[in-house]
Amino acid sequence: MAGPGGARRAIHDLSLSPYRWIQTCKKYTYSYYFADSGSKDAEPYLSMKPILLLALSAGLLSCGHTTTADQPLRLDQSIRTKVLEHLVFPHPSRQETTAHFYENRYFTEWFTNDSLEYSTYDSTVSQTFRSYYEWKEDTLVITGGYGWLTGLLGGFEIRVHNYEVQVFNKLCSANTPAYKLEAAEPEKFILNIPTTDAQVVLSELPKNYSKTVLYGYVTFKGTNFYRQKDSLSEKHRMNMKAYFRSTPLP
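A. Representation of the overall build of the protein in the model. Helices and strands together make up the secondary structure of the protein, namely three helices and 17 strands. In the protein, buried positions account for 54% of the 250 residues. Per element, the accessible surface of the protein, about 11,300 Å² overall, is 50% carbon and sulfur.

B. Structural context of the pattern of salt bridges. Tallied over the full model, the rule gives nine salt bridges. The closest approach of N and O atoms between Glu 157 and Arg 159, which form a salt bridge, is 2.7 Å. Where salt bridges share partners, they join Glu 157, Arg 159 and Lys 170 into one cluster.

C. Examining the environment of Leu 214 more closely. Within the secondary structure, Leu 214 is located in strand E15 (residues 214-222). Residues in contact with Leu 214, not counting those within four places in the same chain, are Tyr 133, Ile 142, Leu 202, Ser 203, Glu 204, Pro 206, Phe 244, Arg 245 and Ser 246.

D. Examining the packing of aromatic side chains more closely. One pass over the structure, following the stated rule, counts ten aromatic pairs. The interplanar angle of 65° and the centroid separation of 5.8 Å between the aromatic rings of Trp 110 and Phe 225 together place this pair among those described as edge-to-face. Linking Trp 110 in strand E7 (residues 107-112) with Phe 225 in strand E16 (residues 225-229), this pair joins segments that are 115 residues apart in sequence. Of the residues examined, Trp 110 reaches a relative accessible area of 0% and is grouped as buried. Between Phe 129 and Phe 156 the ring centres are 6.3 Å apart and the planes differ by 35°, which places this aromatic pair in the tilted class. Of the two residues, Phe 129 sits in strand E9 (residues 126-136) while Phe 156 sits in strand E11 (residues 155-161), which places them 27 residues apart along the sequence. Exposure class is identical for Phe 129 and Phe 156. Each is buried.

E. The arrangement of the nonpolar core in detail. In this structure, Ile 142, Phe 156, Ile 158, Val 218 and Phe 244 are the most contacted members of the largest nonpolar core, which totals 43 residues. Looking at which element gives the most residues to this core, the answer is strand E14 (residues 190-202), with six residues.

Procedures and definitions
Residues numbered from 1 in each chain as written. Predicted model: local features only at pLDDT ≥ 70, side-chain atom pairs only at ≥ 80, totals over all residues. Heavy atoms only, no water. Helix = DSSP H or I, 4+ residues; strand = E, 2+ residues; numbered from the N terminus. Buried < 20%, exposed > 50% of the residue type's maximum accessible area, 1.4 Å probe, protein only. Areas by Shrake-Rupley, 256 points an atom, 1.4 Å probe, with all protein chains shown as cover. Salt bridge = Lys/Arg side-chain N within 4 Å of Asp/Glu carboxyl O. Contact = heavy atoms within 4.5 Å. Phe/Tyr/Trp six-rings, centres within 6.5 Å; stacked < 30°, edge-to-face > 60°. Core = buried A, V, L, I, M, F, W, Y, C linked by side-chain atoms within 4.5 Å.

Here it is as structure tokens:
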């Protein structure tokens, strides 16, 4: 397997275990950026800088994780400084108005059958990342995720209502449904998985219809979900922390 086509095939090969899948993708040192991430029709281009496309989880990325209980929300404008220490923008001069997509430090722990399979908490690995927010009636919804599909390598959804917050671990699969909450359920493309011990820090609460750039931090522990492997349903869970910069959904 060689070149971008080989990496893309590896990303969609759900027969590989998450660890083997990561090792395969480590061969490829390109990452995706977007020429105009403010556009829904933006096309990716290849950046040949030596950044590991640690596509850590085609299996990892089913689209969802939710907390089981409301968590307190902390507002702190100083979080912006910490966030910018972890991000790299493809267009630095336009980072305040565009760049839904950028490179972000990748902090995750992946468990298989209750055993830690790998952790990037102490590494310097970065991945393509996207974050955006929108208001759904009186609830602020912030979405963020790693990979060329938001959540393909793991992600989150934060819902804020009346200063109370729920956190969802967001997992998405690309071509084939891959994840389920219970072993006997059918697989889904997008899955919302409950989380525990969630903490959220936001720079502010943006007003509805505003163009405010939002900065934040989220951390959580995931609960169990399942991924089909051959004739067996393999149990997984995922912990994550992420610094993010979020702009309004266009």
